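Spelled out, the chains give:
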Amino acid sequence: MGNPRYIQTDQQSFYGDYLYDQIIPENHFLRKLNDLVDWTYYTKKLTKLYKGEGLSGRPAYDPALLLRSLLISYLYNLSERQTEVYLNESLPAKWFVGLAIDQKAPDHSTLSVYRERIRRRGKLKVFEEMLREIVETARKRGVQFGAIQIIDSVHSEANVNTDKDDPDEPEDPDARWGVKHSYKVRTPEGKEEVRKQYFHGYKSHMSMNAENQLITGLEVSSGNAWDGKHFSSLVEMDMEQGLPVETYAADRGYDDGNNHYYLAYKGLHSAILLKDNRLKKKDGNKQVWQEMVGTEEYQRGRRERYKIERKFGEAKLRHGLGRCRYIGLEKYGVQAYLTAIVLNLKRMVKLISGVGFNCPSYSRG
């Protein structure tokens, strides 16, 4: 069996090394990110998804080079077309992905084909494994994981114009209407009413460690999915990774007897916010809930829950998760996983090297 053949970059030439070393500071975010991950691992891992495993046909780009190009796209919230331009204009980005200083970046269609190849042949399993590998890298690098885990969901608007969309033949048949949030208003008659604001699209259900703010588990669904259904599977993902979790915090949308029972069965504490009716019951069944609310674990989990809302804000405002890039649930899953991965990489660089990420004004708009 021969070795896979890739397009040569000649990045390590004296000419390339000298100029890159002169231009890119040692404490540049992309230098620290490059040192954080063993990218050659992804060359081997992702080559298996290539036809003939890179041994036949014309030489292709190293899959790790294209993976890093996609990460640039999500780090800076760029379309794939904009990523091609950005890689040609930004020397730090060109160096990070592994291109020679005088070499043109892969065109946007190459990035699109690469992304679709991974999705079609590896499904979302490849991205799920990648997220776990990034978490494992953090552990090996000494990042500490705390005892409190937070679970919540964030919504993304479908990439369609709902005013013009045909309900019989929708442009995105997987997207669904869901409740963005509920709020109380007072009517002219003085009555208090609960109203709901809706969105059309999808949800990303995430589990995040409260201490280091790394995302450890992810599932995607259509917008009408009940959040509580994804709770136990996210806990399972964390348990499979051996995380030292003792308490799970979540909002009232997860307050379901099955979720509380599941945590107790696993020997874990519940800090799922309770609905008012649990504590206002007039029978003896409310005692168990009153006792739970009084525990230190419940109170600590409740205080930590805001951190995942802040992470969701970052995902939406800085990395474009507020709106779908693509059409369909599985393609949305690619977006959700890549967004979670870049959020983790940013956080890991900050925790390990102290270097923060500064996003330029260049964005998808």
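Residues numbered from 1 in each chain as written. Predicted model: local features only at pLDDT ≥ 70, side-chain atom pairs only at ≥ 80, totals over all residues. Heavy atoms only, no water.

Chemist: Looking at this model, I keep getting lost on a nonpolar patch on the surface. Mind explaining?
Modeler: Where nonpolar side chains cluster on the molecular surface, the patch consists of Trp-177, Val-179 and Tyr-198 and spans about 330 Å² of accessible area. Checked against the element boundaries, Tyr-198 lands in strand β3 (residues 192-209). When its relative accessible area of 48% is taken as the criterion, Tyr-198 is described as partly exposed. (Patch = residues over 30% accessible without salt bridge, like charges linked within 9 Å, V, L, I, M, F, W, Y side chains within 5 Å. Areas by Shrake-Rupley, 256 points an atom, 1.4 Å probe, with all protein chains shown as cover. Salt bridge = Lys/Arg side-chain N within 4 Å of Asp/Glu carboxyl O. Helix = DSSP H or I, 4+ residues; strand = E, 2+ residues; numbered from the N terminus. Buried < 20%, exposed > 50% of the residue type's maximum accessible area, 1.4 Å probe, protein only.)

Chemist: I keep staring at the pairing of strand β5 (residues 247-250) and nothing clicks. Help me out?
Modeler: Judged by which residues are buried, β5 turns out to be covered on both faces: Thr-247 and Ala-249 on one side and Tyr-248 and Ala-250 on the other are all buried. As defined by bridge partners, strand β1 (residues 148-157) adjoins β5 across three bridges and the pair is classed as parallel. Along β5, the bridge assignment pairs Ile-148 with Thr-247. As defined by bridge partners, β5 adjoins strand β6 (residues 269-272) across four bridges and the pair is classed as parallel. (Pairing = 2+ DSSP bridges.)

Chemist: What is the right way to look at the packing of helix α5 (residues 80-89) against helix α7 (residues 108-122) in this model?
Modeler: Describing two packed helices takes the angle between their axes plus the distance from one axis to the other. Packing of α5 against α7 leaves a shortest axis separation of 8 Å and a crossing angle of 125 degrees. In this view, α5 runs oblique relative to α7, as classed from their interaxial angle. The chirality of how α5 crosses α7 is right-handed. Within the contact between the two elements, α5 uses Glu-80, Arg-81, Thr-83 and Glu-84 and α7 uses His-108, Leu-111, Ser-112 and Arg-115. Of the residues assigned to the contact of α5 with α7, the class counts are one nonpolar, three polar and four charged. (Axes fitted to C-alpha atoms, helices over the stretch in contact; angles between N-to-C directions. Parallel < 35°, antiparallel > 145°, perpendicular 65-115°, else oblique. Left-handed = near helix turned anticlockwise from the far one by under 90°. Contact = heavy atoms within 4.5 Å. Nonpolar A, V, L, I, M, F, W, Y, C, P; charged D, E, K, R; others polar.)

Chemist: For this particular structure, what's the right way to read the nonpolar core?
Modeler: In globular proteins that are soluble, nonpolar side chains generally tend to be buried together. Counting residues in each nonpolar core, the largest one holds 94 residues, and the members touching the most others are Leu-30, Leu-33, Tyr-42, Ile-72 and Phe-231. With 12 residues, helix α15 (residues 329-353) is the largest single contributor of residues to this core. If sequence neighbours within four positions are ignored, Leu-33 has contacts with Trp-39, Leu-75, Phe-96, Leu-345 and Val-349. Counting seven residues, the second-largest nonpolar core is a separate cluster that includes Ala-271, Leu-274, Trp-289 and Met-292. (Core = buried A, V, L, I, M, F, W, Y, C linked by side-chain atoms within 4.5 Å.)

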